[in-house]
Amino acid sequence: MATHNLAVILKNPSNDAEFLLLKQTPPPKFSEDQYDSYVDSDLWDLPSTLLNLQHDHSYSGIVIQGAQSSHNIDLTKFDVQLALTGVLEKLGLTVNDVGEWSLFKYVEEAEFGPEFPVNTVFIMGNLLDGNQNCQGLCKWMSTESCLTWLLEVKPCSDRVGPLVVFALINDSLQSAARTLPPTLRYQEYPPGVVILPMRSKTRKPFLTTNLVIFAPKQVSDTVGDCSFVAHGDALIVDPGCRHEYHEELKQIIACLPEKLIVFVTHHHLDHVEGLSIIQKCNPNATLLAHENTMRRIGKGDWSLGYTSVSGEEDILVGGHRLTVIFAPGHTDSHMALLDVSTNSLIVGDHCVGQGSAALDITSGGNMTEYFQTSYKFLELSPHTLIPMHGRVNLWPKNMLCGYLKNRRSREESILKAIENGADTLFDIVANVYSGVDRSLWTAAASNVRLHVDHLDQQKKLPKEFSVQRFHKTWVPFFLRWTCAYVSSRIQFKCPKLKISSLLITGTVIGIAGYSLGKKACFHLSKTGKGA
């Protein structure tokens, strides 16, 4: 199932090479100077709106040439007239200002989740003479001028949105994505940056991890330049798909050049589970990762050599330069990657497409460093953020500021709960995340522990609050959470099974306690220090 958008391509009556772009409305401001001072540059894209289903099956007075012969989309099911009227109103136009309409393209979005994909219907029309002045929020641009904006990027310069790229640019480029198996659904935006969501063992609400692929057609002639930490004809980021999808990963690797670079943002299974397949299919591939990440990746995933990166190194991929960014916070060795030519920033798990990111306290996650990394990203002024879970974000500064604001708000709530007497991990999580599904409390608990450390560094905690005693309550938290969560789930489904609920809860608590003890011992043996 999918939702649908209607996007409009309006041709210039005096210059057939140009089409009309609309300045996009940015997300609402935060009404706080510390966040509103960070402003994303203007984004221009094809005018579009939501395409709703037709409820009364009434006849539309608008004729779309070619719609009847399309096998991909049945426009009679949608209220095209209402959507088209809404789009033209944004431009200060009416249906009478445009000549005949034709169906140009139908683009199906990859399943990034957790929401339904958004598929787009592109229709084309010719604006009639004498109607070229569109209120200053529009501009005429050609495909060539859009490509210049997309590929010769300067920070804080105006940007071109994805609808232009999907409709008018990608098909004209000789992208290596054209060689990918046709059964795979991916997104290419910005041009040359292919994003392919693949099923992985990730946390809900997501089901996939984005495999990011760079494979420019042009090959570099500067292989001997020692200023680059690695050279290659293609690069992939975070191959973390589940075992059931390793055959698809094999097909992808077979489509890419042999001189392949693999970049890993961090060690979590949903980012590295496919490494073993790459090693088998292309043993000459170059792996780039932080040394702490490599310590945590099993030999069964990657047993060959690797190149250690720690930030500020440059990678050369088919003539394109990418810069490695040290981005701790989610883990102590978390890395990001900046595509210099398009100014797009791959942020790993620092941000996600929906909700907020969880920090991994067992792998050096640190709230102070998370804040510092967020500000580092803001200073880069990226044109797009590419998370490893969910869609590309077109308003990077707004998203990063939203994350900062959310983390500070959580921290204030945690401090208030502590000031009101909460002194254990379970009590604080139950207070601060009372409105959140309990299945997410374990991830929240990791963030709470790191927030408490951050508050302690800022000397904001009450004098009577003991951080040492607080951290010792993490095992009781898991026991109490397990009991409450399992009990509530079973009683919700079958209230009569209270005795069975207690028995199952007791069993789960025992297993959880045993597993947590083993995990803690394993972590101590790997790192030589406590969590």
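Our subject is the structure listed above.
Before going into details, it helps to say that this report is about the structure given with it. Source: prediction; values computed, not measured. Positions within a chain are numbered from 1, following the residues in the order the chain's sequence is written. Selection of residues for local features in this predicted model requires a pLDDT of at least 70, selection of side-chain atom pairs for listing and counting requires 80 or more, and totals for whole chains, interfaces and linings are taken over all residues. Remark: hydrogens and water are excluded; side-chain values derive from all non-hydrogen atoms of the structure.

A separate point is the packing of aromatic side chains. Classification of ring pairs uses Phe, Tyr and Trp, with its six-membered ring standing for Trp, and accepts pairs whose centres are within 6.5 Å; under 30 degrees between planes counts as stacked, over 60 as edge-to-face, and the remaining range as tilted. This model, assessed by the stated rule, comprises seven aromatic pairs. An angle of 45 degrees between the planes, with centres 5.8 Å apart, marks the rings of Phe 465 and Phe 470 as tilted. There is no split in this pair, since Phe 465 and Phe 470 are both buried. A connected cluster of aromatic rings, assembled from ring pairs, spans Phe 426, Trp 441, Trp 474, Phe 477 and Phe 478. Charges are assigned to positions over rings by a cutoff of 6 Å between ring centre and Lys NZ or Arg CZ, combined with an angular limit of 35 degrees from the ring normal. One cation-aromatic arrangement involves Lys 139 over Trp 44; the distance from NZ or CZ to the ring centre is 4.3 Å. The aromatic ring of Trp 395 is capped on one face by Arg 159, whose charged end is 5.0 Å from the ring centroid. Only protein chains enter the accessibility calculation, which uses a 1.4 Å probe. A residue is then buried if its area is under 20% of the maximum for its type, exposed if over 50%, and partly exposed in between.

To continue, consider unusual backbone geometry. Of the consecutive residues Tyr 189 and Pro 190, the connecting peptide bond is found in the cis state with omega at -5 degrees. A helix here means a DSSP run of H or I that spans at least four residues, while a strand means a run of E at least two residues long, and both kinds are numbered starting from the N terminus. Mapped onto the fold, Pro 190 is located in the loop between strand S10 (187-188) and strand S11 (193-199). Here Lys 204 and Pro 205 are connected by a cis peptide whose omega angle stands at 10 degrees. Residue placement: Pro 205 occurs in the loop between S11 and strand S12 (208-214). Of note, Ser 381 is a non-glycine position whose phi angle comes to about 50 degrees, a positive value. One non-glycine residue, Lys 459, adopts positive backbone phi at about 60 degrees. By relative accessible area, which is 75% here, Lys 459 ends up exposed.

To continue, consider the packing of helix H9 (residues 367-380) against helix H12 (residues 441-457). Every axis corresponds to a line fitted to the C-alpha atoms, with the helix fit spanning only the stretch in contact, and the corresponding angles, defined between N-to-C directions, vary from 0 to 180 degrees. At a minimum axis separation of 8 Å, H9 and H12 run at an interaxial angle of 85 degrees. Judged by the angle between their axes, H9 and H12 are roughly perpendicular. Across from Met 367, Thr 368 and Phe 371 in H9, the residues of H12 making contact are Asn 447, Leu 450, His 451, His 454 and Gln 457. Angles below 35 degrees are treated as roughly parallel, those above 145 as roughly antiparallel, those between 65 and 115 as roughly perpendicular, and all remaining angles as oblique. By the convention used here, residues are in contact when the closest approach between their heavy atoms is within 4.5 Å.

Here we take up the packing of helix H10 (residues 396-419) against H12. Packing of H10 against H12 leaves a shortest axis separation of 10 Å and a crossing angle of 80 degrees. What the angle tells us is that H10 and H12 run roughly perpendicular. Of the residues in H12, those touching H10 at Arg 407, Arg 410, Glu 411, Ile 414, Leu 415 and Ile 418 are Asn 447, Val 448, His 451, Val 452, His 454 and Leu 455. Under the scheme applied here, ten amino acids are nonpolar (Ala, Val, Leu, Ile, Met, Phe, Trp, Tyr, Cys and Pro), four are charged (Asp, Glu, Lys and Arg), and all others, including Gly, are polar. In terms of residue class, the contact of H10 with H12 is made up of six nonpolar, three polar and three charged.

Take a side-chain nitrogen of Lys or Arg and a carboxyl oxygen of Asp or Glu: if they are within 4 Å of each other, that pair is a salt bridge. All chains considered together, the criterion is met by 14 salt bridges. A salt bridge links Lys 250 to Glu 247; the nearest nitrogen and oxygen atoms lie 3.8 Å apart. Taken as a pair, Lys 250 and Glu 247 lie in helix H5 (residues 246-255) at a separation of three residues, close to a single helical turn. Judged by relative accessible area, Glu 247 falls into the partly exposed class, the value being 48%. A salt bridge links Asp 314 to Arg 321, with the nearest nitrogen and oxygen atoms 3.6 Å apart. Taking the relative accessible area as the measure of exposure, Asp 314 reaches 18% and is therefore buried.

This part covers the nonpolar core. Working definition of a nonpolar core: buried Ala, Val, Leu, Ile, Met, Phe, Trp, Tyr and Cys residues. They are joined through side-chain atoms within 4.5 Å. Within the largest apolar cluster, 44 residues are counted, with the highest numbers of intra-cluster contacts made by Leu 46, Leu 235, Phe 263, Ile 315 and Leu 337. Of all the elements, helix H4 (residues 162-169) adds the most residues to this core, at seven residues. Marked domain ranges trace back to an automatic or database domain assignment. Taken together, domain 1 (1-172) and domain 2 (174-389) each give at least three residues to this core, which thus spans both. Counting 29 residues, the second largest nonpolar core, distinct from the first, contains Leu 249, Leu 260, Val 264 and Leu 287.

Turning our eyes to something else, we now look at the side chain of Asp 270. Take Asp 270: it is sitting in helix H6 (residues 269-272). For the buried Asp 270, no salt bridge is present, and the opposite-charge side chain at shortest range is Arg 203, 7.8 Å distant. Polar contact criterion, stated in full: a pair of N or O atoms within 3.5 Å, where within protein one must be able to donate a hydrogen and the other to accept it, and residues adjacent in sequence count only if both atoms are side-chain atoms. For Asp 270, the side chain forms a polar contact with the side chain of Thr 202, separated by 3.0 Å. Of the polar contacts made by the side chain of Asp 270, one reaches the side chain of His 271; its length is 3.5 Å. If we skip the residues at most four places from it in the chain, Asp 270 touches Ser 200, Lys 201, Thr 202, Thr 209, Gly 240, Asp 349 and His 389. Note on charges: Lys and Arg go in the positive column, Asp and Glu in the negative column, and His and the chain ends are not counted at all.

Attention now goes to the environment of Ser 333. Mapped onto the secondary structure, Ser 333 falls in the loop between strand S19 (320-326) and strand S20 (335-339). According to the relative accessible area criterion, Ser 333 is buried, its value standing at 0%. Residues Ser 333 and His 290, spaced 43 residues apart in sequence, show a C-alpha to C-alpha distance of 5.9 Å. Not counting residues within four places of it along the chain, the set of residues in contact with Ser 333 comprises Thr 265, His 290, Asn 292, Thr 293, Arg 296 and Phe 326. Reaching out from Ser 333, the side chain makes a polar contact with the side chain of Arg 296 at a distance of 3.5 Å.

So, about the pairing of strand S7 (residues 118-127). When you tally the buried positions in S7, you get eight out of ten residues, the bulk of the element. By the bridge criterion, nine bridges tie strand S1 (residues 3-12) to S7 in an arrangement that is parallel. Looking at S7, one finds that Ala 7 is bridged to Phe 122. One ladder, built from seven bridges, connects strand S6 (residues 98-107) with S7; its direction is antiparallel. A pair of strands is considered paired only if DSSP assigns at least 2 bridges between the two.

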